[in-house]
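One-letter residues, chain by chain:
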Amino acid sequence: MMIRPIFLCLALASCSATPQVTWPAGPVGKTPVLLPLDQLVVPTTPSLDARGAALAAQAAALKARAAAIHGT
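Keep in mind that this is a model prediction, so the values were computed, not measured.

K.L.:
Quick rundown of the overall build of the protein? Include the residues and the values.
P.N.:
The secondary structure content of the protein amounts to three helices and zero strands. When the helices and strands of the protein are read in sequence order from the N terminus, they spell out α-α-α. Taken across its 72 residues, the protein has 0% of its residues classed as buried. Only carbon and sulfur atoms are counted for the fraction: they give 71% of the accessible area of the protein, which is about 7,400 Å².

K.L.:
Break down a nonpolar patch on the surface for me, with residues and values.
P.N.:
A grouping of Leu35, Leu37 and Leu40 is seen on the molecular surface, where their side chains present a nonpolar patch of about 340 Å² in accessible area. Tracing the backbone shows Leu37 in helix H2 (residues 37-40).

K.L.:
Run through helix H1 (residues 3-15), naming residues and quoting values.
P.N.:
Spanning 13 residues, H1 covers 18 Å between terminal C-alpha atoms, matching the ideal 18 Å at 1.5 Å per step. Counting buried positions over the 13 residues of H1 gives zero, only a small fraction of the element.

K.L.:
Could you give an account of the confidence of the model for the protein, naming the residues involved and the relevant values?
P.N.:
The pLDDT averaged across the protein works out to 82; a share of 88% of its residues lies at or above 70. Per-element mean pLDDT across the protein ranges from 75 in H2 up to 87 in helix H3 (residues 46-71).

Conventions and cut-offs
Residues numbered from 1 in each chain as written. Predicted model: local features only at pLDDT ≥ 70, side-chain atom pairs only at ≥ 80, totals over all residues. Heavy atoms only, no water. Helix = DSSP H or I, 4+ residues; strand = E, 2+ residues; numbered from the N terminus. Buried < 20%, exposed > 50% of the residue type's maximum accessible area, 1.4 Å probe, protein only. Areas by Shrake-Rupley, 256 points an atom, 1.4 Å probe, with all protein chains shown as cover. Patch = residues over 30% accessible without salt bridge, like charges linked within 9 Å, V, L, I, M, F, W, Y side chains within 5 Å. Salt bridge = Lys/Arg side-chain N within 4 Å of Asp/Glu carboxyl O. Expected span 1.5 Å × (residues − 1). pLDDT = per-residue confidence, 0-100.

This is the structure:
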């Protein structure tokens, strides 16, 4: 019975009062500087590109082997 815990949580939440938030007096803080988009992208390295090419060649060899097995 998954409804009972959900109903209990909703009932308890409806019985509580909304908390009063007091904001500090004074000027609003400065907005933080965001990173440029080119710094968020992970740069590719030649070693990763070589590894990808090796995996692609291995996948092509496996596909050719599977086609040869399936053809006979």
